[in-house]
Amino acid sequence: MHLFDKQLNIAFKLLFIICLSLLSVRFFNTISFLEPLHVQTGGAEDTSFIGIWYIKNGILGYDHFLKFNIDISNPNIFSLFHYNWLFYHLNSFSVIISQKLFNLSDLWLPTIVRINCFILSFFSFWIFCNSLNLLNKNKLSFFFSFFLIFGPLTGYWVISGKPDIFYIFFEILAIYTILRTQNNRNYLNITIILVLLYFSWSIKQTSIVTISSFAFYLLWRKRFNFFVYITFVFSIFLVLTKILGPHQLFESIFWQGGAAISLNFNHFFKIFLDSLSKGLIVYAGLFCISINIFLKNNISSYYKSLNENQVFLIIGILFSTSQILFSFHYGSAVNYYYPFFIYSGLFLFSEIDNLVKNKNLSNLLLSSVYIQIVLIFFVFIGIKGSTSPIKYKNIKEFRKCVYDLKAPILSDHKPYYRLPWITPDNNPILITMMYENFIKDLNFEDTPVYKEVKKGSFETLIISERNKYNLEKYTLERKCNSLYGAKVKIYIKNQ
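Residues numbered from 1 in each chain as written. Predicted model: local features only at pLDDT ≥ 70, side-chain atom pairs only at ≥ 80, totals over all residues. Heavy atoms only, no water.

(A) Molecular detail of the overall build of the chain. Scanning the chain from N- to C-terminus turns up 19 helices and 6 strands. On C-alpha atoms alone, the chain measures out to a radius of gyration of 25 Å, which is about the 23 Å that the 2.2 N^0.38 rule sets for 495 residues. Its C-alpha atoms give the chain principal-axis dimensions of about 80 × 55 × 50 Å. Accessible surface, the chain: about 22000 Å² in total, of which carbon and sulfur atoms supply 62%. In the chain, which carries 44 positive and 27 negative side-chain charges, the distance between the mean positions of the two groups comes to 8 Å. (Helix = DSSP H or I, 4+ residues; strand = E, 2+ residues; numbered from the N terminus. Rg over C-alpha atoms; globule rule 2.2 N^0.38 Å. Areas by Shrake-Rupley, 256 points an atom, 1.4 Å probe, with all protein chains shown as cover. Lys, Arg positive; Asp, Glu negative; His and termini not counted. Charge placed at Lys NZ, Arg CZ, Asp CG, Glu CD.)

Structure representation (structure tokens):
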């Protein structure tokens, strides 16, 4: 074995150990099989759980905001369903089965969804590893796949209540099928790929990278029959979803009438730096490949040397930058970079043998692995990131305090406490990320919820700041402990 190969092998084994250690600590701080843990791994996670619960119980659909019986302008801003239909239905079905098999209450719903996410993460890791081996049979495929799927880039996302790992699973499986059938293209495997990519889109509506990349690749290679076929069939899938899917589905998942759009360059730059620190190896590898191409001084010759799979992956890298542009949206996170890292990681692995031939480039790649290890170590010592999610330890106490409240309820404090199995079931949960984005430039007294409180549209208010609202139509009933012992006030509508 070449000396550098040994060094890179050692470095990736060390990377695997520290990634596994971080994953293990976070997993056991987030998921317990003995009791339902009440934790939050990221923002807006609560709305995923609420949506799954409503679909599971058949109470509300994508048009739930039309059923509040409250006269509110621009109701789309109150949508709970930010993601596509399959995410909620897939998880609600799993929750129903798990609850029946193990006799679990709704308090276990977040745990079940997190376990679903972790299982799909494991399968994503396995499929990605096999995809790497299709491109380049190398013993590093296991470690590199583990880093990309279970490392700092995904972090808590592999055990979260969010849809990203769910759609990534179907997208990676579709990419694997594309790579594996490259020399055996026919309508059967094209159809299988289309179904997988429709499932991916049905989890999260922004999952359009691979279907776009594959279509463009076929067009680039002048496979017009296949290009027309996938364009037509995928369009049919979308039309049928619009016709047969839940009422108001498209209105809810496509920007809530513009309420979801909020662009911020500083936020975009922050997310980019975050992706840089969590995916340094991939960035360094792409840089090395670029330098290697530049040194050859013949881009045309390099392109001709690429095989069909590599051409497809380059197209995927280019199309995946569209997701990066979406991270200008305030509320986005490093998950918007996942498709880019998937395609870039695959392409990097296909070129790794060429990189090791240049001592300087191979040393740069090796250094990036060790720097990545140091950056992950910083998480353990608290410099960047955390090993434990936010924990809510007083849920039983809070549930007892609010169990008898009348709906409709306005719950305006820590999001997790608004979950319908904690606060009474018919809680409409009006304060959402979309709503907060919609009102950011409004005088608070001009906001829809303020006006509804002033009119007395709610039977009960659970609020943390008494002076935010006009409470002339309400009477203070009691106080309940919220996060870290903070008090929330319970107001009851005057009779």
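(B) Fine view of the sheet that holds strand β3 (residues 409-412). If you trace the 4 strands from one edge of the open sheet to the other, you get β3-β4-β6-β5, paired in mixed fashion. The sheet is open, and its two edges are formed by β3 and β5 (474-481), each paired on a single side. Across the sheet, the mean angle from the axis of one strand to that of its neighbour is 15 degrees, orientation sign disregarded. The pairing of strand β4 (residues 460-463) with strand β6 (residues 487-493) spans 4 bridges and is classified as antiparallel. Along β6, the bridge assignment pairs Ile-463 with Lys-489. (Pairing = 2+ DSSP bridges. Axes fitted to C-alpha atoms, helices over the stretch in contact; angles between N-to-C directions.)

(C) Structural context of the state of the cysteines. All told, the structure shown has 1 disulfide when counted by the stated rule. Between Cys-401 and Cys-480 runs a disulfide, and the two sulfur atoms are separated by 1.8 Å. Around the S-S axis, the bridge from Cys-401 to Cys-480 shows a dihedral of about -80 degrees and counts as left-handed. Of this pair, Cys-401 sits in helix α17 (residues 395-402) while Cys-480 is found in strand β5, placing the two residues 79 residues apart along the sequence. One exposure class covers both Cys-401 and Cys-480, and it is buried. Distance from the sulfur of Cys-129, which forms no disulfide, to the nearest cysteine sulfur (Cys-19) is 14 Å. This cysteine, Cys-288, is not joined by any disulfide, and Cys-19 carries the nearest cysteine sulfur, 19 Å off. Since its relative accessible area comes to 0%, Cys-288 is described here as buried. (Disulfide = S-S within 2.5 Å. Buried < 20%, exposed > 50% of the residue type's maximum accessible area, 1.4 Å probe, protein only.)

(D) The packing of aromatic side chains, seen in detail. Taken as a whole and assessed by the stated rule, the structure comprises 52 aromatic pairs. Linked through ring pairs, Phe-16, Phe-27, Phe-28, Phe-33, Phe-118, Phe-122, Phe-123, Phe-125, Phe-142, Phe-143, Phe-146 and Phe-150 together constitute an aromatic cluster. Taking the ring centre of Tyr-156 as reference, the NZ or CZ of Arg-26 above it sits at 4.5 Å. (Phe/Tyr/Trp six-rings, centres within 6.5 Å; stacked < 30°, edge-to-face > 60°. Lys NZ or Arg CZ within 6 Å of the ring centre and 35° of its normal.)

(E) How the structure looks around a nonpolar patch on the surface. Residues Phe-232, Ile-236, Val-239, Leu-240, Ile-243 and Leu-244 make up a contiguous nonpolar surface patch of about 610 Å² in total accessible area. Along the chain, the position of Phe-232 falls in helix α9 (residues 224-244). (Patch = residues over 30% accessible without salt bridge, like charges linked within 9 Å, V, L, I, M, F, W, Y side chains within 5 Å. Salt bridge = Lys/Arg side-chain N within 4 Å of Asp/Glu carboxyl O.)

(F) Representation of the side chain of Ser-362. Relative to the helices and strands, Ser-362 resides in helix α16 (residues 359-380). For Ser-362, a relative accessible area of 3% gives the class buried. Of the polar contacts made by the side chain of Ser-362, one reaches the backbone oxygen of Lys-359; its length is 2.7 Å. (Polar contact = N/O pair within 3.5 Å; in protein donor to acceptor, adjacent residues only side chain to side chain.)

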